[in-house]
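Descriptive analysis of the structure
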Amino acid sequence: MKTKTKTKTVGETKTRGLLREGFPMSRLSTWGVGGAARLLFSPADMDDLRAFMAGRNIADVVFVGHGSNLLVRDGGIDGIVVRTAPGLCALSLEGDAEVFAEAGVGCPKLARFCADKGLAGAEFFAGVPGTVGGALAMNAGCYGGETWDAVVKVRALTNDGFYDMPRDDFETGYRSVRAKSGGDVFFAGALFHFCVDDGGDNGNGGGARARMKEMLRMRGESQPLGKASAGSVFRNPPGGFAGKMIAECGLAGMRVGGAEVSRKHANFILNCGDATARDIESLMEKIQHAVREKTGVLLSPEVRVVGRAQ
Ligand SMILES: Cc1cc2nc3c(=O)[nH]c(=O)nc-3n(C[C@H](O)[C@H](O)[C@H](O)COP(=O)(O)OP(=O)(O)OC[C@H]3O[C@@H](n4cnc5c(N)ncnc54)[C@H](O)[C@@H]3O)c2cc1C
C-alpha cells in the first residue's frame, strides 16, 4: 500500500517534516527554559533537510539536538531552528567495526548499538543525554573518552552543500571543534571507528555493557540526575575542575530566582521549577564573578547561549 506523504510549503520550499511557527524552545531544552523560535523545522529525513536548506545560509540557522547543552534566552530566537531528532535517525554497522550515525541519533542509543554489535569505545556515550550531532559540535566526552577520538569522517552541510569531510579537516580539543577551512558546519552524521570488544564475552558486548553500567553508576553518584539541568555549565580550566572551584568558593546552593547551583555537583545549575533563562544566565555571571574574585580564574561557559534577552 502506498502511503501519502503530506507536504508543506515554506516560501518556495516543499517539506515533509514538521514546521511550526512560534515554537517554545523551552520544550527543546533540558533546562526547560527559553522563548519561542520564529520557525522550527524538524526534517523527516536527510533529503527533506537538503530540500529545506537549499538557498539558505547555514549561519542563519540554529541547529538543535536534544538541547542538553543549550541556554535559549527568554526572548527566543528570531529565526529558523532546525531540530535533528527524531528525523535524522539512521544508524548502521559498516563493515566490522565502523558505525554510521546520523545527527539526530541519541548518544545513549549509539552506545547501546555498539555494545550490541560487540564493539568497544562508545560506552562513554551512554550517559551523555544529547545527540550525535550535538556531541560532534561540542566534542562531548567523559570518563576518558571524547567524541572525535573515534571519528573517521563526518557528513557535513556547508553553504556549498553536503560533503564527506575527513577527521583531519577539523581541529578538535577539549569541548571544542573547528573546521580548519573556517566557517560554519552542520554535522549531518558521522562514520565512527570503534574496536572489537575483547571484554571477555566473545565479542558479544558483555564487556562494553558492564563498562556502561559502571559509568552510569558513577554518574548517578556524582551528578544530580533527574533534575532539569544542562550538565556542566563551565569548562574545566587548565589544571582544575570548575565544579570543585565553585564549591570551594561556597557557592553550592546559591540561587537566583528559580535557578540553583547544585549541592551535589556545583558545576550544574538546576531549574527548580520556575527558573527563567535570565535567572540561569544571572547565576552564571554571579558564579564567574565570585570565582574570579577568589581565584583569579575566569570560568568559561561550556553551554551555548543563544537567542535574545526579553
Ligand atoms: C545530565 C547531563 C549530563 C551531561 N553529561 C555530559 C558529559 O558527560 N560530557 C559532555 O561532554 N557533555 C555532557 N552533557 C552536555 C550535553 O549532553 C552534550 O554537550 C551533548 O553533546 C549536547 O548534545 P545535544 O544534542 O543536546 O546538543 P544541543 O544542546 O542541542 O546543542 C549544543 C550545541 O551544538 C550545536 N549543534 C547541535 N546539533 C548540531 C549539529 N548537528 N551540527 C552542528 N551543530 C550542532 C547547537 O547549535 C549548540 O550550539 C550533559 C548534559 C546533561 C543535561
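Above this text you will find the structure in question.
Residues numbered from 1 in each chain as written. Predicted model: local features only at pLDDT ≥ 70, side-chain atom pairs only at ≥ 80, totals over all residues. Heavy atoms only, no water.

**Details of the sheet that holds strand β4 (residues 36-42)**
Spatially, β3-β4-β7-β5 is the arrangement adopted by the four strands of the open sheet, whose pairing is mixed. Where the open sheet ends on each side, the last strands, each with one partner, are β3 (18-24) and β5 (61-64). Going across the sheet, the axis of each strand differs from the next one's by a mean of 30°, ignoring polarity. Pairing of β4 with strand β7 (residues 77-83), which is carried by four bridges, proceeds in the parallel orientation. Along β7, the bridge assignment pairs L40 with V81. Packing against the sheet, helix α1 (residues 46-53) makes contact with β3, β4, β5 and β7, and its axis sits at approximately 130° to β4. (Pairing = 2+ DSSP bridges. Helix = DSSP H or I, 4+ residues; strand = E, 2+ residues; numbered from the N terminus. Axes fitted to C-alpha atoms, helices over the stretch in contact; angles between N-to-C directions. Contact = heavy atoms within 4.5 Å.)

**Section: α1**
Turning to α1, its buried residues are M46, D48, L49, F52 and M53. Buried positions in α1, seen along its axis, are confined to an arc of 155° and lie on one side of it. Immediately downstream of α1, the backbone of G55 shows phi near 80°, a positive value. (Buried < 20%, exposed > 50% of the residue type's maximum accessible area, 1.4 Å probe, protein only. Arc of directions from axis to C-beta.)

**Examining the sheet that holds strand β21 (residues 269-271)**
Read across the sheet, three strands follow the order β19-β20-β21 without closing on themselves; strand pairing throughout is antiparallel. Among the strands making up the open sheet, the edge pair consists of β19 (255-256) and β21.

**Quick notes on the site of the ligand**
Not every one of the 31 residues close to the ligand is listed here, only the nearest: F63, G65, S68, T131 and G141. With respect to the ligand, the backbone of F187 contributes an N or O atom lying 2.9 Å from a nitrogen atom. Contact with the protein chains covers 92% of the free accessible surface of the ligand, which is 970 Å². Among the secondary structure elements, those contributing two or more residues to the shell around the ligand are β5, α3 (132-138), β11 (141-142) and β17 (186-193). If you tally residues by element for the shell around the ligand, the top one is α3, at five residues. (Near = heavy atom within 4 Å. Polar contact = N/O pair within 3.5 Å; in protein donor to acceptor, adjacent residues only side chain to side chain. Areas by Shrake-Rupley, 256 points an atom, 1.4 Å probe, with all protein chains shown as cover.)

**Observations concerning the nonpolar core**
Within the largest apolar cluster, 37 residues are counted, with the highest numbers of intra-cluster contacts made by V99, L110, F125, L136, V154, F192 and F194. Those elements that place two or more of their residues in this core are β9 (98-102), α2 (107-116), α3, β13 (151-158), β17 and α4 (206-222). The leading source of residues in this core is α2, at six residues. Residue contacts for V99: discarding those within four places in its chain leaves L91, S92, L93, L110, F113, C114, L119, A190, L191, F192 and F194. By size, the runner-up hydrophobic cluster in this structure holds 25 residues, among which are V33, I246, V256 and A275. (Core = buried A, V, L, I, M, F, W, Y, C linked by side-chain atoms within 4.5 Å.)

**A short note on the packing of aromatic side chains**
Taken as a whole, this structure holds eight aromatic pairs when the rule is applied. Measuring from centroid to centroid gives 5.8 Å for W148 and F187, while their planes differ by 70°, and the two rings are edge-to-face. With W148 in the loop between β12 (145-146) and β13 and F187 in strand β17, the pair connects residues that are 39 residues apart, well separated along the chain. Three or more aromatic residues link up through ring pairs in this structure, and these residues are F124, F125, F192 and F194. We note R50 situated over the ring of F162; from NZ or CZ to the ring centre the distance is 4.5 Å. Above the plane of the ring of F52 lies R56, whose end atom (NZ or CZ) is 4.0 Å from the centre. (Phe/Tyr/Trp six-rings, centres within 6.5 Å; stacked < 30°, edge-to-face > 60°. Lys NZ or Arg CZ within 6 Å of the ring centre and 35° of its normal.)

**Examining the side chain of Q223**
The topology assignment puts Q223 in the loop between α4 and α5 (242-248). Of the residues examined, Q223 reaches a relative accessible area of 13% and is grouped as buried. Beyond its immediate stretch of four places on either side in the chain, Q223 contacts K264, H265 and F268.

**Side note on the pattern of salt bridges**
This model, assessed by the stated rule, comprises 18 salt bridges. Residues D47 and R50 are paired through a salt bridge, measuring 3.6 Å at the closest nitrogen-oxygen approach. Linking D47 with R50, this pair stays in helix α1, spanning three residues, or about one helical turn. Residues E281 and R73 are paired through a salt bridge, measuring 2.9 Å at the closest nitrogen-oxygen approach. Here R73 lies in the loop between β6 (70-72) and β7 and E281 lies in helix α6 (residues 277-295), a separation of 208 residues in the sequence. (Salt bridge = Lys/Arg side-chain N within 4 Å of Asp/Glu carboxyl O.)

**Re the packing of α2 against α4**
Relative to each other, α2 and α4 sit at 150°, their axes nearing to 8 Å. One finds that α2 runs roughly antiparallel with respect to α4. Two packed elements cross with a definite hand, and for α2 against α4 that hand is left-handed. Across from A111, R112, A115 and D116 in α2, the residues of α4 making contact are A208, R209 and M212. Of the residues contributing to the contact of α2 with α4, the split by class is four nonpolar, no polar and three charged. (Parallel < 35°, antiparallel > 145°, perpendicular 65-115°, else oblique. Left-handed = near helix turned anticlockwise from the far one by under 90°. Nonpolar A, V, L, I, M, F, W, Y, C, P; charged D, E, K, R; others polar.)

**A few points about the pairing of strand β14 (residues 161-166)**
By the bridge criterion, six bridges tie β13 to β14 in an arrangement that is antiparallel. The residue bridging A156 from the neighbouring strand is Y163, located in β14. A loop of two residues connects β13 with β14, the two strands running antiparallel in sequence.

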